[in-house]
Each structure stands twice: as structure tokens, then as C-alpha cells.
Amino acid sequence: KQEIRRSEEAVLVEGNFDVIVLYAHGVKNAVAPMGTAMTEGQTRLLGRFSKRVFVAFDGDKAGIAAVRRSLPILMGQEFDARVVSMPPGDDPDSYIRREGTEAFQAKMERAEPIVQWVLERVFSRVDGAPVEQRVEALREAGEVLGHVSERVAWRHYASEVARRLDLNPADIDSFLKQPARLAENQPRSQRDETPLPALERICIQVLSLLPDRLVSFA
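What comes next is a walk through the structure. (Residues numbered from 1 in each chain as written. Predicted model: local features only at pLDDT ≥ 70, side-chain atom pairs only at ≥ 80, totals over all residues. Heavy atoms only, no water.)

**Here's the deal with the packing of aromatic side chains**
Threshold: Any two of the Phe, Tyr and Trp rings considered here, Trp counted by its six-membered ring, make a pair once their centres fall within 6.5 Å; the pair's planes then place it as stacked at under 30 degrees, edge-to-face at over 60, or tilted in between. Counted as over-ring charges are cases with an Arg CZ or a Lys NZ within 6 Å of the ring centre that also lie within 35 degrees of the ring normal.
Here the structure, examined in full by the defined rule, presents 0 aromatic pairs. Lying across the ring of Trp117, Arg121 places its NZ or CZ 3.8 Å from the centre.

Okay, here's the thing in C-alpha cells:
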């Protein structure tokens, strides 16, 4: 606790051995949720000592999924959360023992904001992907942006979504303000006014980029 207060930042890892080995290598502000998913109670407790956290989970699929699950909790409690990417097959324990403290700290210096990090993994799946995957990526990006409460940051990420998916920023903006999944509880008259037209325009734009896929919708 004292080291987190002193440094004004925490390193969030997955397991006890990560905490112990990092501490032995001089990184004394590491904490772990004891092998379970990060909870709101744990996040509130951490926030008493610092609102700046470096998320250094394992570099496997489970670790990537754990970062994604932690995003709503960390963003909901207004943390400045950044992700320290571990190489595939590595965790902070193995990485710092092999590469050393300076290499780990260099990774911390290159850490990305958690929203940007998660969005990059969404975008990485859509280059040259079928239409269905591009639309699904848009939905997933909308869910991520739903946890961004700061307007300027939201606008920045919305513009990036439009650029990376090659879509009209105006249509992206309209869709992300009210994702289609929120339209289900509205009267039909309201449902037809905003979300569906925006989604239809986005689908048409995606199809126009990949005309060879039109035959599958005939």
C-alpha cells in the first residue's frame, strides 16, 4: 500500500507468483485479485491508494479476455488504466525473470490506454474480413465505447472506429449514440427513427466496399 501511494500507480497482475517475483525484482507496487476476476469491491479498494493502474495480465487468450472483462469496472470507477502487453506465452513472472526489471519497466512506459488496447484487438479481426464480421466489430466497438464517459475521449475513439472500419463518421456517431441493442425496448415508431436507419446505412457502406459479397444477400 505504501509503495502504491508513493509511486501514485499500481501494477495489476493475475497471480500471487507475479506479485512475489515482481516485488523481488524491485517492482513493489504490484497487486493481484487472487486468481479471480477483478471485482468492483477490489477496484474500489485499489482506488483508495491510486487511480492510475497498469494492467499486466498474461499474454495468452485467457489474459486478453481478462483485460476485456476488467475494462467496464476500471472505466466505471474512472481509473487511468493502461495495458502492459505480455508476449504470447509469457506472464509478468516469466518475463521479468528472463528479461529483467528494465525491460519490464520499458514495457510499462509503452503501455496503451485500455480502451485503445481493446479496440485494436477488435480491429485486428476485420482486415479483409467478411461483411458479417465487420458489422459485428462495429457492435463490439460500440459496447467498448459505452464505458467511455469523457466526451472528448469518446469523440476521439468514435472517429478512430470510423477510420479503421472505413465508414462514414456521421453514421458511426449516430449508431454509437444508440446501439441497435438498446432499440429493443423502444416503441416501433421510435425504433424506426434513429438506430435502424443508421445501422442500415453502415451495412450498405460495408457492402459497397465488398461488392462481391452482395450475391450472398440476394
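That was the structure; now back to the text.
**Looking at the sheet that holds strand 4 (residues 80-83)**
Quick note on the threshold: Here, any two strands with at least 2 DSSP bridges between them count as paired. Helix and strand assignments follow DSSP, with helices taken as H or I runs no shorter than four residues and strands as E runs no shorter than two, numbered in order from the N terminus.
Ordered in space as 2-1-3-4-5, the 5 strands form an open sheet in which the pairing is mixed. What marks the edges here is a single partner per strand, and that holds for strand 2 (30-31) and strand 5 (112-113). Both strand 1 (residues 10-12) and strand 2 contribute to a ladder of 2 bridges, which runs parallel. Paired with Val11 across the strands is Ala30, a residue of strand 2.

**Here we look at the side chain of Asp93**
Selection criterion: Residue exposure (1.4 Å probe, protein chains only): buried if accessible area is under 20% of the type maximum, exposed if over 50%, otherwise partly exposed. Any pair of nitrogen or oxygen atoms within 3.5 Å is treated as a polar contact; in protein, a donor-acceptor pairing is required on top of that, and neighbouring residues in sequence qualify only through side-chain atoms on both sides. Throughout, a residue-residue contact means that at least one pair of heavy atoms, one from each residue, lies within 4.5 Å.
Structurally, Asp93 is set in helix 5 (residues 92-99). Given the relative accessible area of 12%, Asp93 is considered buried. Here the side chain of Asp93 touches Arg97 through a polar contact of 2.6 Å, side chain to side chain. Non-local contacts of Asp93, meaning those with residues more than four positions away in its chain, are made with Phe17, Asp18 and Val21.

**Brief notes about the pattern of salt bridges**
The test is simple: For salt bridges, the criterion is a side-chain nitrogen of Lys or Arg within 4 Å of an Asp or Glu carboxyl oxygen.
Evaluated as defined, the whole model comprises 14 salt bridges. In this structure, Asp90 engages Arg98 in a salt bridge whose closest nitrogen and oxygen atoms are separated by 2.6 Å. Judged by its relative accessible area of 8%, Asp90 is buried. Between Glu120 and Arg164 there is a salt bridge whose closest N-O contact spans 3.0 Å.

**Quick look at the packing of helix 5 against helix 6 (residues 101-109)**
For any two helices packed against each other, one specifies the crossing angle of their axes together with the interaxial distance. Cut-off, in case you're wondering: Lines fitted to C-alpha atoms define the axes here, with helix axes fitted over just the stretch in contact, and angles between the N-to-C directions of these axes take values from 0 to 180 degrees. By definition in this entry, angles of less than 35 degrees are roughly parallel, angles greater than 145 are roughly antiparallel, angles of 65 to 115 are roughly perpendicular, and the rest are oblique. Residues are grouped as follows: nonpolar covers Ala, Val, Leu, Ile, Met, Phe, Trp, Tyr, Cys and Pro; charged covers Asp, Glu, Lys and Arg; every other residue, Gly included, is treated as polar.
Where helix 5 contacts helix 6, the two axes come as close as 6 Å, and the packing angle between them is 125°. Considering the angle they form, helix 5 stands oblique to helix 6. Residues Pro92, Tyr95, Ile96 and Glu99 of helix 5 lie in contact with helix 6, whose contacting residues are Thr101, Ala103, Phe104 and Lys107. Each residue belonging to the contact of helix 5 with helix 6 can be placed in one class, and the counts come to 5 nonpolar, 1 polar and 2 charged.

**Regarding the nonpolar core**
As a reminder of what qualifies: Take the buried Ala, Val, Leu, Ile, Met, Phe, Trp, Tyr and Cys residues and link them wherever side-chain atoms come within 4.5 Å; each set so joined is a nonpolar core.
Ranked by size, the top nonpolar core spans 41 residues in total, and within it Val67, Ile114, Val115, Leu119, Leu145, Val161 and Leu165 carry the most contacts. At the level of secondary structure, the elements contributing two or more residues to this core comprise strand 1, strand 3 (52-55), helix 4 (61-76), strand 4, helix 7 (114-123), helix 8 (131-145), helix 9 (151-164) and helix 10 (169-177). It is helix 7 that provides the largest number of residues to this core, a total of 7 residues. Apart from the residues lying within four places of it in its own chain, the contact partners of Leu145 are Leu119, Trp154, Tyr157, Ala158, Val161 and Leu176. Grouped together as the second largest cluster of nonpolar side chains are 15 residues, Leu22, Ala30, Val84 and Ala111 included.

**Structural notes on the pairing of strand 3**
Selection criterion: Crossovers are marked right-handed if the path from the first strand over the helix to the second runs clockwise, as seen with the strands pointing away from the viewer.
Here strand 1 pairs with strand 3 via 3 bridges, running parallel. Within strand 3, the position partnered with Leu12 by the bridge is Val55. Regarding the hand of the β-α-β motif, the stretch spanning strand 3, helix 4 and strand 4 is right-handed.

Purely spatial values, then, with no claim about function.
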